[in-house]
Amino acid sequence: MEILDRLQLPDDIRKLNYEELDKLAQEVREFMLESVSKTGGHLAPSLGVVELTLALLKVFDPLNDRIVWDVGHQSYAYKILTDRKNKFHTLRQYGGISGFNKISESPYDAFGVGHTSTSIASALGIKTASDMKGKDQKVVAVIGDGAMTAGLAYEAINYLGHLDKNMIVILNDNEMSISPNVGAMSSYLSRIMTGEIYTRFRKDVANIFEHAPMGSAFLHVAKKMEEGLKGFFTPGVLFEEFGLKYIGPINGHNIRDLTKALHNAEIQDGPALIHVGTKKGKGFKPAEENPEKFHGVSAFDLKTGEAVKFGKKKTYTDIFGDKICEMAEKDENIVALTAAMPDGVGLRSFSEKFPDRFFDVGIAEQFAVTYSAGLAVNGLKPYVAIYSTFLQRAFDSIIHDVALQNLPVTFCIDRGGIVGADGPTHHGTFDLSYLRLIPNMTIMAPKDGNELEEMLELSSSVDGPVAIRYPRGSADEYDFARQPVKLGEPEIISDQGDYAIVSVGHIFSESYKLYNKIKQSGNKCSLVNLRFVKPLDSKKLLEVLYEKKGVILIEENALNGGACEKIQSLLIDNGYKGEIKKFGIPDEFVPHGDIPSLRKSIGLNADYIFDIVKDLWPKND
């Protein structure tokens, strides 16, 4: 790392010539690949924006000026080139640096991110506050083209045009959708039409026309001619209509062109949008050839690009994908929806087998939910597969458009609970709490893959909204006899002794370990797998729990408003006098790291809980 290792980052970047910057871009990619191959992470998006990152750091002062990255998938080069190069090997590890931008991690991170399409809105807020306080501060929002499918981005662009703030939006088009025959000419025209000489000329001509007889008419004609010319050669008319000066398309791997475009954007009166074309996964052949696979990766072999295998068990996501295909073969009314993640939620096979019954709506969770309500009201059975953390964005739509009308929409909520290295922006720790609030909602939480299959089958017969919540990773298996899933009924695995464990969903893996530790200590204990948060067979549950001296409640969800609170209220409301201990997600945001370390840190594993509850049982002499 001839250049990277000798730089005082990020300040020395401004001193480098373009040849040195090109060499540095190559070194940053090598450094990133070496590290991410061990830690995993969002590789392909970050490989694609190395030159863009260098151009930004050459033109702007990232401590005084503010660079806001959308999602954070693209910010690894930025982390390396600001103040986290020496910590980059800890990326996404417990106690290490985050995989996303985080204002508490670095003064160079202007805004915390993790969910998509927030960059323009937050950057506009930063710019507005900056202007109100009289600061001389440039503000740049870097948004990926995928993020432009979300309504929030257009709401922000609309208001940016209204406020007419001198702010820069960079649209990173990393799907290479710009055709060469248009791109070269368009890039040339953009440089001409937004350069300093032409910008001054436009102002001068406008001033002359406005003060001349019939000037306004001539100005109107001139403007229409300019719009027509740009509309013919560039895709920028939409943004111009929003009030943003469009610059581009620009080759996102040419640092000289990028810095020129950034300088040109600075001199515009009002907001400017720079359209940048980049190659996702650039510099690593496997990622270039399969950018979707390398969007987010686990540890992999740097020579082959093949993932390091840690196990061959089917995941909950796999089981969902297989089962929904099986169900769709039998029922032609079943349709499946996702928000830009067909692979992530296990719907790739469904999309290939039933292309006319599959809908990927883009990064638009709110739309996905309301759209599914429309499908349901006209006789279809929608299955909406969305990560727990992203479904939060559609909370109002679930209430107003689905539950209020009691429509048979099934929400297949992947990544429920702690997800690991992606951290607090991606943990699914609130779904049971916010779904519990909603009338008409049936909420199921399987302890293993078999229950997930049965719950999916059951959902097709429920006349109203259903949520099935399951985690990331391999599906659990247990050696005891399974009981069939019946609506609202808990599974009573064991009913003995003076104390009982009630487990909610996949955290049963820890609850079962706890149950066995208690048995191994020579004591008896009951074990209940709740299965349903709503509706709940209260009578059956009370029959098991009411005479116990103590009840241990365990869930991998926020304790505030979660299933444990519901069971506690049920017991207390019915006059229960025994001891109740609850274990779940405390009232805090859980950091990133491996799942065992995170569970240990918040007291949600079998060993920790056993140390807390072991004194409930009398000592054996």
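My aim in this report is to walk through the structure given alongside it, one point at a time. No experiment lies behind these values; they were computed from the predicted model shown.

What counts and what doesn't
- Residues numbered from 1 in each chain as written.
- Predicted model: local features only at pLDDT ≥ 70, side-chain atom pairs only at ≥ 80, totals over all residues.
- Heavy atoms only, no water.
- Helix = DSSP H or I, 4+ residues; strand = E, 2+ residues; numbered from the N terminus.
- Buried < 20%, exposed > 50% of the residue type's maximum accessible area, 1.4 Å probe, protein only.
- Areas by Shrake-Rupley, 256 points an atom, 1.4 Å probe, with all protein chains shown as cover.
- Core = buried A, V, L, I, M, F, W, Y, C linked by side-chain atoms within 4.5 Å.
- Contact = heavy atoms within 4.5 Å.
- Salt bridge = Lys/Arg side-chain N within 4 Å of Asp/Glu carboxyl O.
- Phe/Tyr/Trp six-rings, centres within 6.5 Å; stacked < 30°, edge-to-face > 60°.
- Lys NZ or Arg CZ within 6 Å of the ring centre and 35° of its normal.
- Axes fitted to C-alpha atoms, helices over the stretch in contact; angles between N-to-C directions.
- Parallel < 35°, antiparallel > 145°, perpendicular 65-115°, else oblique.
- Left-handed = near helix turned anticlockwise from the far one by under 90°.

Comments concerning the overall build of the protein chain
Counting secondary structure elements, the protein chain contains 24 helices and 17 strands. The 621 residues of the protein chain split such that 56% are buried. In the structure as shown, the protein chain presents an accessible area of about 26600 Å², 52% of it carried by carbon and sulfur atoms.

Some words on the nonpolar core
Within the largest apolar cluster, 81 residues are counted, with the highest numbers of intra-cluster contacts made by F320, L347, F350, F411, L435 and L545. By residue number, the principal contributor to this core is helix α13 (residues 316-330), which donates seven residues. With residues near it in sequence (within four places) discarded, F411 still touches V369, V384, L391, I398, V402, M441, V466, A467 and I468. Counting residues in each nonpolar core, the second largest holds 55 residues, with L7, L43, V50 and V59 among its members.

A few points about the pattern of salt bridges
If you walk through the whole model with that rule in mind, you get 41 salt bridges. A salt bridge links R14 to D61, with the nearest nitrogen and oxygen atoms 3.8 Å apart. Here the residue R14 occupies a position in the segment before α1 (18-39), and D61 occupies one in the loop between α3 (50-59) and β1 (66-69), the gap between them amounting to 47 residues. Between D495 and K548 there is a salt bridge, with the nearest N and O atoms lying 3.0 Å from each other. In this pair, D495 sits in the loop between β12 (491-494) and β13 (499-504) while K548 sits in the loop between α21 (538-545) and β16 (550-558), placing the two residues 53 residues apart along the sequence. The class of D495 is partly exposed, set by a relative accessible area of 48%. Each of the salt bridges in this network shares a partner with another, and the network as a whole consists of K79, D83, R84, E105 and D109.

Description of the packing of aromatic side chains
On inspection of all chains with the given rule, the structure shows 23 aromatic pairs. Note on F350 and F354: the rings are 4.9 Å apart at their centroids and 50° apart in plane angle, and the pair reads as tilted. On the accessibility criterion, F350 (0% relative accessible area) is buried. Classification of F354 by relative accessible area gives buried; the value is 9%. Aromatic pair F395 and Y434: ring centres 5.5 Å apart, planes at 75°, arrangement edge-to-face. Within this pair, whereas F395 is found in helix α17 (residues 395-403), its partner Y434 is found in helix α18 (residues 431-436), the two being separated by 39 residues in sequence. Counting every residue linked through ring pairs, the aromatic cluster contains Y478, F480, F508, Y512 and Y515. Between the NZ or CZ atom of K447 and the centre of the ring of F508, over which it lies, the distance is 5.9 Å.

Focus on the packing of helix α20 (residues 508-520) against helix α24 (residues 606-613)
At a minimum axis distance of 9 Å, the contact between α20 and α24 shows a crossing angle of 45°. Overall, the two elements α20 and α24 adopt an arrangement that is oblique. Once α20 is placed against α24, the crossing between them reads as right-handed. Touching E510, K513, L514, K517 and I518 of α20 are A606, D607, I609, F610 and V613, all from α24.

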